[in-house]
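# What the coordinates show
For reference, the chains in residue letters:
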Amino acid sequence: MYDAIIIGARCAGSSLALLLARKGYRVLLADRTIFPSDTISTHLIWAPGLVYLRRWGLLPAIAASNCPPIRRVSVNLADPGLTGSPPPCDGIDFQYCPRRTILDKVLAEAAAVAGAELREAFTVEDVRRDSGRVTGIRGHSRSGRTISDRARVVVGADGVHSMLARATGAAEYNARPAMTCLYYSYWTGVEAAEVHFIVRSGSAVGAFPTNDGLTCIVSIERIERFAGIKADVEQRYLQSLEIAPEFRERVRAGRRVERIYGTAESRNFFRRPYGDGWALLGDAGYHKDPVTAQGITDAFRDAELLADALDEAFSGRRTYNEALAQYERRRNDSVLPMYELTCHLASLDPAPEQLQLTAALDGQQQQVDRFVGTFTGAVPMADFYAPENVARVLAAAGGQ
Ligand SMILES: Cc1cc2nc3c(=O)[nH]c(=O)nc-3n(C[C@H](O)[C@H](O)[C@H](O)COP(=O)(O)OP(=O)(O)OC[C@H]3O[C@@H](n4cnc5c(N)ncnc54)[C@H](O)[C@@H]3O)c2cc1C
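The structure presented is a predicted model; accordingly, all values stated were derived computationally and were not measured.

## Concerning the overall build of the protein
Of regular secondary structure, the protein possesses 14 helices and 19 strands. Relative to the globule expectation of 21 Å for 400 residues, the C-alpha radius of gyration of the protein, 21 Å, shows essentially globular dimensions. Projected onto the principal axes, the alpha-carbon positions of the protein cover approximately 65 × 45 × 40 Å. Across the 400 residues of the protein, 57% fall into the buried class. In the protein, the share of contacts with a sequence separation of at least 24, taken over all contacts with a separation of at least 6, comes to 73%. Of the roughly 16000 Å² of accessible surface on the protein, 50% is carried by carbon and sulfur atoms. Here the protein contributes 46 positive and 47 negative side-chain charges, whose respective centroids are spaced 4 Å apart.

Shown next as structure tokens:
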């Protein structure tokens, strides 16, 4: 009998396993994959996400993976773009973009070192129930051997198509339809020491320096174009990188070194993340368009929130329902402003007021630094977009 069985061992599941194991709980961490393992996702981690990795003692392993610290962020919603250095977050003034083959392995290994039982190549097929309460799982190894296990709680950190969410009928709320499709690949010889994000009428590109001198370049298009793109991915991906002259020149100087990866799975929704004997974490409980690159940081934060909630419930300091209700509230309070920004940016059609504000920011470097800090999460949106701050930016622009 385990305290927790966690389905899915990437950034959400392994983080939770690590935290629970360090608190002394008996944890089974199961994934159908074997690490190192890639997944469809770019992998920019803003400074607030790195704060968690540092706290857990894992930042040195990422730093040692030959992935450069990124100190500047360039956001171009209309020419001229804005480039700034986001304010530090808890003393961290850089971002990292480690490949998922590296990040997820570091996390899964750390969970195992902390004492969690890591079971790879194991597919969870269904949950076990007792009088309606989830009490365990049933799954199979690659050899086909069926295994059942019991736990006080089963956590689905099993991604957007969560088996546990389906099995428990976890209710969705505040949902918005998919607005974008994304394609990305890896390039050598592209000069990009900073994060680039460029939006032009229904299209966007992002570029992030990653391990081993490569640059991850992502193309984002409106979902309506998905069928056309799928019919000719290579051509359409390359075309989309012509988005702005200066960016086009950088790309033309480089060479693509991997295949093109893509997805149109960009639905936006919250799920009720708990019930009798079960909980959801990461994309399984809260999913949004990748355009703001928040998923990994969200997974880290929610792993801490859920570890604390389960610890309170297991130790009897709170009832299970009280502790888990608080987990849901804290998660939602933390992400709601960014959820709105994400859904707005995913329309790939910046609002006139946003364009007016970004035009006004040109030349106000301190405010530009704070503006790009809203993307990293280092500057709360409520502060930057407070009416008095917006008025200050507009007034300063008028006086220039
Ligand atoms: C194109 C794209 C780009 C993105 N870019 C960024 C970015 O730059 N920065 C960022 O922060 N976020 C980004 N995201 C979001 C980020 O990838 C996700 O938020 C993050 O991966 C969620 O992690 P997770 O652990 O919840 O789920 P996942 O990473 O989906 O992991 C789920 C795991 O569960 C396992 N699993 C599922 N079902 C079972 C089962 N039945 N039995 C056993 N194992 C199972 C899977 O094998 C998998 O390993 C992007 C997403 C996409 C799609």
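Here the narrative resumes, following the displayed structure.
## Looking at the pattern of salt bridges
For the coordinates displayed, the defined rule picks out 28 salt bridges. The closest approach of N and O atoms between Glu172 and Arg271, which form a salt bridge, is 3.9 Å. With Glu172 in strand β9 (residues 172-176) and Arg271 in strand β16 (residues 268-271), the pair connects residues that are 99 residues apart, well separated along the chain. Note on Glu172: relative accessible area 37%, which makes it partly exposed.

## Regarding the nonpolar core
Within the largest apolar cluster, 58 residues are counted, with the highest numbers of intra-cluster contacts made by Leu53, Phe300 and Leu324. No other element matches the 11 residues that helix α9 (residues 295-315) contributes to this core. Setting aside anything within four residues of it in sequence, one finds Leu324 in contact with Tyr274, Ala279, Leu306, Ala309 and Leu310. Leu82, Tyr184, Phe384 and Val393 belong to the second largest nonpolar core, which has 39 residues in total.

## Section: the sheet that holds β9
Pairing within the open sheet is antiparallel, and its 3 strands lie in the order β9-β16-β19. Unpaired on one side and paired on the other, β9 and β19 (286-287) mark the two borders of the sheet. In this structure, β9 lies alongside β16, joined through 3 bridges in antiparallel fashion. Bridging from a neighbouring strand, Glu172 pairs with Arg271 of β16.

## Looking at empty space enclosed by the protein
With the rule as written, the count across this model stands at 1 cavity of 30 Å³ or more. Each pocket or cavity is described by its volume, and for the largest cavity that value is around 160 Å³. Looking at the largest cavity, it is lined by 18 residues, and the ones nearest its centre are Phe197, Phe208, Val291, Thr292 and Ala293. Listing elements by their share of the lining of the largest cavity, those giving two or more residues are β3 (73-76), β11 (195-200), β12 (203-209) and β13 (215-222). By residue class, the composition of the lining of the largest cavity is 15 nonpolar, 3 polar and no charged.

## Points about unusual backbone geometry
In this structure, Pro36 follows Phe35 across a cis peptide bond, with omega equal to 5 degrees. Its location among the elements puts Pro36 in the loop between β2 (27-30) and α2 (47-55). For the bond running from Asp79 to Pro80, omega is -5 degrees, close enough to zero to count as cis. For Pro80, the position within the fold is in the loop between β3 and β4 (82-84). Positive phi values are uncommon outside glycine, yet Asp212 reaches one of about 60 degrees. Residue position: Asp212 is located in the loop between β12 and β13. Of note in the backbone geometry, Ala293 takes a positive phi value of approximately 50 degrees without being a glycine. One can find Ala293 in the loop between β19 and α9. You can call Ala293 buried: its relative accessible area is 17%.

## Brief notes about the packing of helix α1 (residues 13-22) against helix α4 (residues 100-114)
It is the contact of α1 with α4, at a shortest axis distance of 8 Å, that shows an interaxial angle of 20 degrees. Taken together, the axis directions place α1 and α4 in an arrangement best described as roughly parallel. Every pair of crossing elements has a handedness; the one defined by α1 and α4 is left-handed. On the side of α1, the interface is formed by Ser14, Ser15, Ala17, Leu18, Ala21 and Arg22, while α4 contributes Leu107, Ala108, Ala110, Ala111 and Ala114. For the contact of α1 with α4, the class distribution of residues is 8 nonpolar, 2 polar and 1 charged.

## Observations regarding α1
Within α1, 9 of the 10 residues are buried, which leaves the element mostly enclosed by the surrounding structure. Here α1 has its buried residues at Gly13, Ser14, Ser15, Leu16, Ala17, Leu18, Leu19, Leu20 and Ala21. Residue Gly24 follows α1 closely and has a positive phi angle near 95 degrees.

## Quick look at helix α12 (residues 365-376)
Along an α-helix, residues three or four positions apart point the same way, because every turn accommodates 3.6 residues. A rise of 1.5 Å per residue sets the reference length of α12, with its 12 residues, at 16 Å; its end C-alpha atoms lie 17 Å apart and thus fit the reference within 8%. Burial analysis of α12 places 9 of its 12 residues in the buried class, which makes it a mostly covered element. Restricting attention to buried positions, one finds in α12 the residues Gln367, Val368, Asp369, Phe371, Val372, Gly373, Thr374, Phe375 and Thr376.

## Some remarks on the site of the ligand
Every one of the 27 residues lining the ligand counts as a neighbour, but Asp31, Ser41, Thr42, Asp283 and Ile296 are closest to it. Interatomic distance of 2.9 Å between a side-chain N/O atom of Arg10 and an oxygen atom of the ligand. Taking Asp31, its side chain carries an N or O atom lying 2.7 Å from an oxygen atom of the ligand. For the ligand, the accessible surface in isolation is 1000 Å², of which the surrounding protein chains cover 91%. Placement of the ligand is best described as lying within the largest pocket. Listed by contribution, the elements that provide at least two residues to the shell around the ligand are β6 (122-130) and α9.

Cut-offs applied
Residues numbered from 1 in each chain as written. Predicted model: local features only at pLDDT ≥ 70, side-chain atom pairs only at ≥ 80, totals over all residues. Heavy atoms only, no water. Helix = DSSP H or I, 4+ residues; strand = E, 2+ residues; numbered from the N terminus. Rg over C-alpha atoms; globule rule 2.2 N^0.38 Å. Buried < 20%, exposed > 50% of the residue type's maximum accessible area, 1.4 Å probe, protein only. Contact = heavy atoms within 4.5 Å. Areas by Shrake-Rupley, 256 points an atom, 1.4 Å probe, with all protein chains shown as cover. Lys, Arg positive; Asp, Glu negative; His and termini not counted. Charge placed at Lys NZ, Arg CZ, Asp CG, Glu CD. Salt bridge = Lys/Arg side-chain N within 4 Å of Asp/Glu carboxyl O. Core = buried A, V, L, I, M, F, W, Y, C linked by side-chain atoms within 4.5 Å. Pairing = 2+ DSSP bridges. 1 Å grid on protein atoms, 1.4 Å probe; cavity = no way out; pocket = protein on both sides within 12 Å on 5 of 7 lines; lining within 4 Å. Points joined across faces, edges and corners; volume = space filled by probe spheres on them. Nonpolar A, V, L, I, M, F, W, Y, C, P; charged D, E, K, R; others polar. Axes fitted to C-alpha atoms, helices over the stretch in contact; angles between N-to-C directions. Parallel < 35°, antiparallel > 145°, perpendicular 65-115°, else oblique. Left-handed = near helix turned anticlockwise from the far one by under 90°. Expected span 1.5 Å × (residues − 1). Near = heavy atom within 4 Å. Polar contact = N/O pair within 3.5 Å; in protein donor to acceptor, adjacent residues only side chain to side chain. Sits in = over half its atoms within 2 Å of the grid points.

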